[in-house]
Amino acid sequence: MPSGGPEIEQLIQLLARLPGLGPRSARRAVLHMIKRKEQLMLPLSAALDRAVVAVKTCQICGNVDTVSPCSICADPRRGESGMLIVVEDVSDLWALERAGPGQVRYHVLGGVLSPLDGIGPDDLNLDTLVARAPDYAEIVLAMNATVDGQTTAHYITDRLGPDTKVTRLAHGVPIGGELDYLDEGTLSQALRARTQI
Ligand code: ZN
């Protein structure tokens, strides 16, 4: 039997749908908020209200921002390198931005091709990528190193054609990684992708 009344129970159920939170973590989070109603629950509620109104998906790249075109697409310096980085999801874009890649722009696919999940080319932002590609000197495919991610990368390479310079992120030994702990696939890929020092 849930405790705390239907409003609280609904809050727990909604929070439990967030990635990384199950019912137990959601219950703890809600209880934590209730105990700190003034300092946490009210500001969080107000911030959610403001974000709901302000949030926009960039019509050019698919990034999430409070303006569209997003601040990256609207910044003319971002076009200087001629590099367009293709990512699966907005979270990947934000992860790359944290790495400080310089004056680059992005294209968010909104997922990857996945026959098992019924996700085909029409479900992704592929046509807009093909339309943007001629404006860039290099298209960097930054798909995840999963089977679906690599399948999608091959598909995009075919769609863009031989006249487009397409590169992908290096796969191999992670920073701080010990060889003995890596799987054979990662090791053989790292050996193939070796670079001169
Ligand atoms: Zn954008």
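Please refer to the structure placed before this passage.
Figured I'd write up the structure that's included with this text. (Residues numbered from 1 in each chain as written. Predicted model: local features only at pLDDT ≥ 70, side-chain atom pairs only at ≥ 80, totals over all residues. Heavy atoms only, no water.)

## Overview of the nonpolar core
Part 1: Val 86, Leu 109, Leu 129, Ile 139, Leu 141, Met 143 and Ile 156 are the most contacted members of the largest nonpolar core, which has 16 residues in total.
Part 2: Residue contributions to this core peak at three residues, all from helix α7 (residues 147-160).
Part 3: Setting aside residues up to four positions removed in sequence, Leu 109 forms contacts with Val 86, Val 87, Glu 88, Leu 124, Asn 125, Leu 126, Leu 129, Met 143, Thr 152 and Ile 156.
Part 4: Core analysis: the next-biggest nonpolar cluster, separate from the first, contains 14 residues, Val 90, Val 104, Tyr 106 and Val 140 among them. (Core = buried A, V, L, I, M, F, W, Y, C linked by side-chain atoms within 4.5 Å. Buried < 20%, exposed > 50% of the residue type's maximum accessible area, 1.4 Å probe, protein only. Helix = DSSP H or I, 4+ residues; strand = E, 2+ residues; numbered from the N terminus. Contact = heavy atoms within 4.5 Å.)

## Notes on helix α2 (residues 23-35)
Part 1: For α2, built from 13 residues, the straight-helix expectation of 18 Å at 1.5 Å per residue is met to within 8% by its first-to-last C-alpha distance of 18 Å.
Part 2: The set of residues buried in α2 consists of Ala 26, Val 30 and Met 33. Taken around the axis of α2, the buried residues stretch over an arc of 60°, which confines them to a single face. In α2, the exposed positions angled more than 90 degrees off the buried face are occupied by Arg 24, Arg 28 and Lys 35.
Part 3: Looking at the buried residues of α2, the elements they touch are α1 (5-15) and α3 (37-54). (Expected span 1.5 Å × (residues − 1). Arc of directions from axis to C-beta.)

## Here's the deal with the packing of α2 against α3
Part 1: Across the interface, α2 lies against α3 with an axial gap of 6 Å and an inter-helix angle of 115°. Listed contacts from α3 to His 32, Met 33, Ile 34 and Lys 35 of α2 are Lys 37, Leu 40, Met 41 and Leu 44.
Part 2: Here the contact of α2 with α3 is built from residues that sort into five nonpolar, one polar and two charged. (Axes fitted to C-alpha atoms, helices over the stretch in contact; angles between N-to-C directions. Nonpolar A, V, L, I, M, F, W, Y, C, P; charged D, E, K, R; others polar.)

## A word on the pattern of salt bridges
It is possible for side chains of opposite charge to pair when their charged atoms get near one another.
Part 1: For the structure on display, the rule yields four salt bridges.
Part 2: With a shortest N-O distance of 3.1 Å, Arg 77 and Asp 75 are connected by a salt bridge.
Part 3: Overall, the relative accessible area of 49% leaves Arg 77 in the partly exposed class.
Part 4: Taking relative accessible area as the criterion, Asp 75 reaches 16% and is therefore assigned buried.
Part 5: Arg 159 is the partner of Asp 127 in a salt bridge, and the nearest nitrogen-oxygen pair spans 2.9 Å. With Asp 127 in helix α6 (residues 126-132) and Arg 159 in helix α7, the pair connects residues that are 32 residues apart, well separated along the chain. (Salt bridge = Lys/Arg side-chain N within 4 Å of Asp/Glu carboxyl O.)

## Some words on the pairing of strand β3 (residues 83-87)
Part 1: Most of β3 is tucked away: four of the five residues are buried.
Part 2: Relative to strand β5 (residues 138-141), β3 runs parallel, the two being bridged by four bridges. Residue Val 86 lies in a different strand from β5, and its bridge partner there is Leu 141.
Part 3: Summarising the sheet, β3 and strand β4 (residues 105-108) pair through four bridges and their orientation is parallel. Residue pairing for β4: Leu 84 is matched across the bridge by Arg 105. (Pairing = 2+ DSSP bridges.)

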